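Read off the chains here:
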Amino acid sequence: MKLRTIDDLDVARARVLVRADLNVPLADGSIGDDFRIRRSVPTITKLLERGAARVIVCSHLGRPKGEPDPRYRLGPVGTRLGELLDMEVPVVPLPPTELPETRVVLLENLRFHPGETTNDQGFARALADLADVYVDDAFGAVHRAHASVSAVAEMLPSAAGLLLVREVSALSKLLEAPEHPFVAVVGGAKVSDKLGVLSNLLRVADTLVIGGAMCFTFLRAQGHSTGTSLVEEERIDDCRLLLEQHGDRILLPSDVVIATEMKAGVQTEQVRIDAIPDDAAGYDIGKETSRAYVDAIRVAKTVLWNGPMGVFEIDEFASGTRAVAADVALGPAYSVVGGGDSVAALGEFGYTDKVDHVSTGGGAMLEFLEGKELPGLIPLRAGSGRDLEHTPRPPVT
Ligand code: ADP
Ligand code: MG
């Protein structure tokens, strides 16, 4: 997929509206992980270097319900962005009565307005009126038809920012031209979230490695008892079908770590998957499984990892995820990791910088890998919409 880039836009002296993804964890006014803020800096810097008169950054954060909610104010995000850019970044409410004189401003949380999530034309117009051109750099939001990623992109000359281009090219490479063997490692909580991705990946991947809670729905499809492990009953048939069609390319656990409770300090045991007692659940892949998964990853030339292998938040159940993370990160394959929790795990183990591409998108990455058309990318495609138009610019003074 080819997107228009900043190079296709005339940004000198222009007011540029940048849709960034600054949706970071925020608790009591302090930012948990600023990964997404850091990743949005290069585009803003580049626009400033290219002589943009002003960069107006906007983002959503959390899920406020279409009205101001003090828990989701972007103040701390503006402060952090300002530190990274080494300049002041004031946060202004929308619509601004007056924009401050700084070169970069951050609009207050877009989801304080009901028009954002309904892709309202009027709300998009209010955003478009602030700028001459539009740059979308919010990969994490392109799967939503929201005003700041969809409607506004049709109202101004538009292009994809550096991060968005990088995300799309890394993920397109996986689907269109992966170097083989391509091993996809998928885990996490719910198989229902990821069945679409699994099917689409099976078109291109040589091996699909499955862990996390979702492996238990597959194990049930194979006829195993899974105790109190998380199983999505209504998905057992889908898993069975995938196993019938592609079983020779799907790796499932041979042993698991079980416990009677999902909490720190609990007594754990390694058992084979045909020996899970009725009163216990699997919370991690076992040692033998880890070894088999690591062996599969080591021979890969391309690896994708999404979804933890176990409840890595609790030490007793973190080994499987740690082993897989280490090999994805340190092995020789071209590596892509995505998913909020997987990226958090990677960071916790200290491997973020060792991975070729760490995606900022959770849901967006999954939908892209499912092969879905993403509403935010449609208006940015080369050859579409406002491609060749130019807006009048104030003369050089
Ligand atoms: P990502 O955000 O990387 O896409 P998911 O949101 O799909 O990942 O899943 C992450 C969650 O899955 C983690 O909170 C983890 O504790 C949970 N999880 C993984 N394995 C298990 C398991 N065996 N039982 C219960 N929860 C699990
Ligand atoms: Mg998650």
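If you're wondering where the values come from, they're calculated on a predicted model, not measured in any experiment. (Residues numbered from 1 in each chain as written. Chains lettered and ligands numbered in written order. Predicted model: local features only at pLDDT ≥ 70, side-chain atom pairs only at ≥ 80, totals over all residues. Heavy atoms only, no water.)

S.K.: How would you explain the domain arrangement of the chain if you had to name every residue and give the values?
M.R.: As far as domains go, the chain holds domain 1 (6-166 + 374-380) and domain 2 (168-370). When each unit is reduced to the centre of its C-alpha atoms, the spacing between domain 1 and domain 2 is 33 Å. Contacts between domain 1 and domain 2 engage 14 residues on the former and 17 residues on the latter. For the pair domain 1 and domain 2, the summed buried area comes to about 1200 Å², and 62% of that belongs to carbon and sulfur atoms. Among the residues domain 1 hides against domain 2, the three largest losses belong to Phe35, Phe139 and Arg166. Together they make up 44% of the total. At the surface where domain 1 touches domain 2, the tally comes to 0 salt bridges. There are 7 residue pairs in polar contact (both at pLDDT 80 or more) connecting domain 1 and domain 2. Residue assignment for the side of domain 1 that touches domain 2 shows that the elements contributing at least two residues are helix H1 (35-39) and helix H7 (162-176). (Domains from an automatic or database assignment. Contact = heavy atoms within 4.5 Å. Buried area = accessible area lost by both parts, 1.4 Å probe. Salt bridge = Lys/Arg side-chain N within 4 Å of Asp/Glu carboxyl O. Polar contact = N/O pair within 3.5 Å; in protein donor to acceptor, adjacent residues only side chain to side chain. Helix = DSSP H or I, 4+ residues; strand = E, 2+ residues; numbered from the N terminus.)

S.K.: Help me get a handle on the site of ligand 1, residues and values and all.
M.R.: Near ligand 1 you find 19 residues, and of these Ala189, Lys194, Glu313, Asp341 and Ser342 are the closest. Within the backbone of Ala213, one N or O atom sits 3.2 Å away from a nitrogen atom of ligand 1. Between ligand 1 and Gly282 there is a distance of 3.0 Å, counted from a nitrogen atom to a backbone nitrogen or oxygen. When the free accessible area of ligand 1 is taken as 580 Å², the share hidden by the protein chains comes to 85%. For ligand 1, the cavity whose grid points lie within 2 Å of the majority of its atoms is the second largest pocket. (Near = heavy atom within 4 Å. Areas by Shrake-Rupley, 256 points an atom, 1.4 Å probe, with all protein chains shown as cover. 1 Å grid on protein atoms, 1.4 Å probe; cavity = no way out; pocket = protein on both sides within 12 Å on 5 of 7 lines; lining within 4 Å. Sits in = over half its atoms within 2 Å of the grid points.)

S.K.: Provide a residue-level description of the environment of Ser335, including the pertinent values.
M.R.: The residue Ser335 is located in strand S16 (residues 334-338) in this model. A C-alpha to C-alpha distance of 18 Å links Ser335 and Gly188, two positions 147 residues apart in sequence. If we ignore the near neighbours within four places in the chain, the residues touching Ser335 are Val303, Val328, Lys354, Val355, Asp356 and His357.

S.K.: Go over H7, please, and point to the residues and values.
M.R.: An ideal rise of 1.5 Å per residue puts 21 Å on 15 residues; H7 measures up with 20 Å between its terminal C-alpha atoms. Leu163, Leu164, Glu167, Val168, Ala170, Leu171, Ser172, Leu174 and Leu175 are the residues of H7 that are buried. (Expected span 1.5 Å × (residues − 1). Buried < 20%, exposed > 50% of the residue type's maximum accessible area, 1.4 Å probe, protein only.)

S.K.: Pulling in residues and values, what's your account of the packing of aromatic side chains?
M.R.: Taken as a whole, this structure holds 1 aromatic pair when the rule is applied. Note that Lys173 overlies the ring of Tyr334, its terminal NZ or CZ placed 4.7 Å from the centroid. (Phe/Tyr/Trp six-rings, centres within 6.5 Å; stacked < 30°, edge-to-face > 60°. Lys NZ or Arg CZ within 6 Å of the ring centre and 35° of its normal.)

S.K.: Just give me the short version of unusual backbone geometry, but keep the residues and values in it.
M.R.: The step from Leu94 to Pro95 runs through a cis peptide bond, and the omega angle for that step is -5 degrees. Tracing the sequence through the fold places Pro95 in the loop between strand S5 (91-92) and strand S6 (104-107). His180 connects to Pro181 through a cis peptide bond whose omega is 0 degrees. Looking at where Pro181 falls in the secondary structure, it is placed in the loop between H7 and strand S9 (182-186). Positive phi outside glycine occurs at Asp28, with the angle close to 50 degrees. Residue position: Asp28 is located in the loop between strand S2 (26-27) and strand S3 (30-31). Unusually for a residue other than glycine, Asp86 sits at a positive phi of about 60 degrees. Positionally, Asp86 belongs in the loop between helix H3 (75-85) and S5.

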